[in-house]
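Working through the structure, step by step
Next come the chains, spelled out residue by residue.
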2 protein chains.
Amino acid sequence: MECKPTIEDVARLAKVSIATVSRVINNQGGVRKATEERIVNAINELGYIRSAVARSMKRKETHTIGIIVPDIKNPFFPLVVSGIEQKAREKGYYTILSSTNESPMVEEEIVKIFIERGVDGVIITTANEAGDHIKLLHDQGIPIVAVDRAIKNFEVDTVLVDNVNGSYQAVQHLILQGHKKIAIICGPQNTTPGHERFLGYKKALEEYNIPFDESMVIQGDFMEGSGYHAAQELFDLETRPTAIFSSNNLMTIGCVKALIDLDWKLGEEVSFIGFDDVEIATFIKPKLSVVSRPMNTLGEIAVQLLYERMNVKENLPKRQYLLSPELKIRESCQLSKKKI
Amino acid sequence: MECKPTIEDVARLAKVSIATVSRVINNQGGVRKATEERIVNAINELGYIRSAVARSMKRKETHTIGIIVPDIKNPFFPLVVSGIEQKAREKGYYTILSSTNESPMVEEEIVKIFIERGVDGVIITTANEAGDHIKLLHDQGIPIVAVDRAIKNFEVDTVLVDNVNGSYQAVQHLILQGHKKIAIICGPQNTTPGHERFLGYKKALEEYNIPFDESMVIQGDFMEGSGYHAAQELFDLETRPTAIFSSNNLMTIGCVKALIDLDWKLGEEVSFIGFDDVEIATFIKPKLSVVSRPMNTLGEIAVQLLYERMNVKENLPKRQYLLSPELKIRESCQLSKKKI
DNA sequence: ATATAAAATCTAAACGTTTACATTTTTAAT
DNA sequence: ATTAAAAATGTAAACGTTTAGATTTTATAT
């Protein structure tokens, strides 16, 4: 309706100067009890709410964290974001979120707008790990924390999941069940997660002296469709794999859909482990075994790192967290029929 | 690093006044070609980025939309939010998101902070439909759009899904397949969606002269656990229902889990339709029939309404959208065995 | 060349805070 | 009662924009 009351209105009503009002709304102390009371009353009477904009103007900080994710529709991210949001709010920060659709160009544009808006820090899962397109942030001295995907061309705090270890564990498990022909549905090899999960796969094979077979490696793009096609391809092979490892959640979904459509019996004819838990995992029969990442924790640690970086003046060294994923054994991997 | 360049630095370098610089960064025209060029060069040279904070200060608008949802982990909301976010960005607005965990108190607190931050508008799915706790927004003249849940105690634009119609269609479908003993797992009756979906159920029964049977009504709370228990309860009944209608996605998940655990054969012994599509719907055999809501559209329309409200000075009348859900017939409802 | 209108540019005041510093009031010590 | 020290309060200048309105420059008509 009418103009919102300002600190000045409060001051006038309480018959003090704005400085004193400012002191009480910021709990800085040094105000006589009686005066404070008068001010508080004035505030209530007027329904005064201080302007964060004006405050940011003076303080040069917005208490806002920018979040950039590549695809908010991927169920992985809402969980990370939820962790971030909650932890941030605890610490008095709010978040502004944008999804880039995996486009570095959109990302660059968003970075620009975040800077305009004066975010105090950014948590990002970048669409391009080189990171040159977001150098601007770094140049402005805005703290950055990279989540789930590293940034190559300059130093930032990073919180990653141990992808190599995660897929190693999964494949190891399959090997120990007697599988020899283990297929992998890969993610893009120019992304850290895609590459590292492939590395873990190879490492497990090597360690157990299973010969590496090119035909067991299908390239996917982390999207559902590619998981579906990959399964088809594997099904059409002369010698089919007895187990499949899928490198991410969406491809897992695609793959499982294909298995159903192909009537390729999950757990019986082909064992399966997927990277990342998915909602469907416990619905289908047999229940899917998965490598599960602590997404909430991922977000929380990101906030913690960012918080320190935003509030500590001294030059902190670059920090890198590596969270361990957890192998959740359910029912989708059985002992291989061909026992040795 | 060093202090960011301001409009003043640009002006100095381009040898003009700040007013002229302001004109060019806002494309207001009325600037000589040569001057503009000089200014643009200066901007690039300095890497100047205008401060949105200072701008908001003067303009008294932040181009920020606050979003309040009760539970960001419910897969329904990320989809709505995604629709909002995208449409908002198109229109030059950014969003700040908070999840309340269904707590009106948290909601009230968030509202306060949103006001502090000067959001231009709010899109909300409230935790308490009375809405008294968010009256503050209304008092400040901040436009509000209610999504999915109405607000009772004052007038706001609203975009809802036709719940009555949605559940009516679902139950009608079951009836037409010959079912007589149709159970409903209800949501909380003090929420609009919970109540309306129950209404649709009753309406269908009445219209087809099926006697209303109290034992077929189980109260749930829209959470997974209650869906699970509801199914158990129904299973334990002397005369079990031949069909179940679940009032939301989470309860659907719980219910289906129970059916599996109870070995109560979905589609054969008991037909099923759920309100809201769920990821698992097309995975389990038989595939789940559902009432599907257009969540992306829900978000987009909300932004459209809010946008108009924010930018039109005249008093717009209260507007109310009612989106029709769509019944997606898949495989989980079969003709009732007991034909008449 | 001059007068006038139009276009470009500038000046300065806001916007609502915070904060260093100055001033006044209170308290405590004599 | 006087004075010094401490505490409370006030003054005024930022912060980086936008924007009326004033002023200067340029273009146009005579």
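Bear in mind that the values here come from a model prediction, so they are computed numbers and not experimental data.

To continue, consider the environment of Gly-178 of chain A. Within the fold, Gly-178 of chain A resides in the loop between helix 8 (163-176) and strand 6 (182-186). Using a relative accessible area of 13% as the deciding quantity, one classes Gly-178 of chain A as buried.

Around DNA strand C there are 29 residues in total, and Ile-7 and Ser-22 of chain A together with Ser-17, Arg-23 and Thr-35 of chain B lie nearest to it. Taken together, the sugar and phosphate atoms account for 63% of what DNA strand C places within 4 Å of the protein. Between DNA strand C and the protein, one listed contact pairs a phosphate oxygen with a side-chain N or O atom of Arg-59 of chain A at 3.4 Å. The separation between a phosphate oxygen of DNA strand C and a polar main-chain atom of Ser-17 of chain B is 2.7 Å. For the surface near DNA strand C, the secondary-structure elements that each account for two or more residues are helix 2 (18-25) and helix 4 (52-59) of chain A together with helix 2 (18-25) and helix 4 (52-59) of chain B. The element that contributes the greatest number of residues to the surface near DNA strand C is helix 4 of chain A, accounting for five residues. Of the residues in the surface near DNA strand C, the class split is 11 nonpolar, nine polar and nine charged.

The next thing to look at is the side chain of Asp-162 of chain A. Residues and elements named next belong to chain A. Within the fold, Asp-162 resides in the loop between strand 5 (157-161) and helix 8. Buried charge without a partner: Asp-162 forms no salt bridge, and the closest opposite charge is Lys-203, 7.5 Å away. Here the side chain of Asp-162 touches Asn-165 through a polar contact of 3.0 Å, landing on its backbone nitrogen.

Our next topic: empty space enclosed by the protein. By the definition in use, this model includes four cavities of 30 Å³ or more. The volume enclosed by the largest cavity comes to roughly 310 Å³. Lining the largest cavity are 16 residues; nearest its centre among them are Thr-64 and Arg-117 of chain A together with Thr-62, Thr-64 and Arg-117 of chain B. Taken together, the elements giving at least two residues each to the lining of the largest cavity come down to helix 4 of chain A together with helix 4 of chain B.

As a further point, take the pattern of salt bridges. Pairing is possible between side chains that carry opposite charge, provided their charged atoms lie close to one another. Residues and elements named next belong to chain B. On inspection of all chains with the given rule, the structure shows 32 salt bridges over all chains. Asp-277 is paired through a salt bridge with Arg-330; the nearest N and O atoms lie 2.6 Å apart. Of this pair, Asp-277 sits in the loop between strand 9 (271-275) and strand 10 (289-292) while Arg-330 sits in the segment after strand 12 (326-328), and the two are 53 residues apart along the sequence. Relative accessible area serves as the criterion here: at 21%, Asp-277 is assigned to the partly exposed category.

Attention now goes to the environment of Ile-151 of chain B. All names here are of chain B. Checked against the element boundaries, Ile-151 lands in the loop between strand 4 (144-147) and strand 5 (157-161). Judged by relative accessible area, which is 6%, Ile-151 ranks as buried. Remark: the alpha-carbon pair of Ile-151 and Val-256, spanning 105 residues in sequence, is separated by 32 Å.

Residue and element names in this part refer to chain B. Across the sheet, which stays open at both edges, the six strands sit in the order 7-6-8-9-10-12 with mixed pairing between neighbours. Looking at which strands have only one partner, the edges of the open sheet turn out to be strand 7 (217-219) and strand 12. Neighbour-to-neighbour, the strand axes of this sheet turn through a mean angle of 15°, independent of strand direction. Pairing of strand 10 with strand 12 involves three bridges; the strand directions are antiparallel. Bridged to Ser-292 within strand 12 is Glu-326.

Taken together, 31 residues surround DNA strand D, and among them Ser-17, Arg-23, Arg-32 and Thr-35 of chain A together with Ser-22 of chain B come closest. The sugar-phosphate share of atoms of DNA strand D within 4 Å of the protein amounts to 62%. Ser-51 of chain B has a polar backbone atom sitting 3.3 Å from a phosphate oxygen of DNA strand D. Breaking the surface near DNA strand D down by element, the ones donating at least two residues are helix 2 and helix 4 of chain A together with helix 2 and helix 4 of chain B.

Bringing the domain arrangement of chain A into the picture now. Each assigned domain of chain A is listed with its residue range as follows: domain 1 (7-50), domain 2 (61-162 + 295-324) and domain 3 (163-293). Distance from the C-alpha centre of domain 1 of chain A to the C-alpha centre of domain 2 of chain A: 37 Å.

What counts, and at which threshold
Residues numbered from 1 in each chain as written. Chains lettered and ligands numbered in written order. Predicted model: local features only at pLDDT ≥ 70, side-chain atom pairs only at ≥ 80, totals over all residues. Heavy atoms only, no water. Helix = DSSP H or I, 4+ residues; strand = E, 2+ residues; numbered from the N terminus. Buried < 20%, exposed > 50% of the residue type's maximum accessible area, 1.4 Å probe, protein only. Near = heavy atom within 4 Å. Polar contact = N/O pair within 3.5 Å; in protein donor to acceptor, adjacent residues only side chain to side chain. Nonpolar A, V, L, I, M, F, W, Y, C, P; charged D, E, K, R; others polar. Lys, Arg positive; Asp, Glu negative; His and termini not counted. Salt bridge = Lys/Arg side-chain N within 4 Å of Asp/Glu carboxyl O. 1 Å grid on protein atoms, 1.4 Å probe; cavity = no way out; pocket = protein on both sides within 12 Å on 5 of 7 lines; lining within 4 Å. Points joined across faces, edges and corners; volume = space filled by probe spheres on them. Pairing = 2+ DSSP bridges. Axes fitted to C-alpha atoms, helices over the stretch in contact; angles between N-to-C directions. Domains from an automatic or database assignment.

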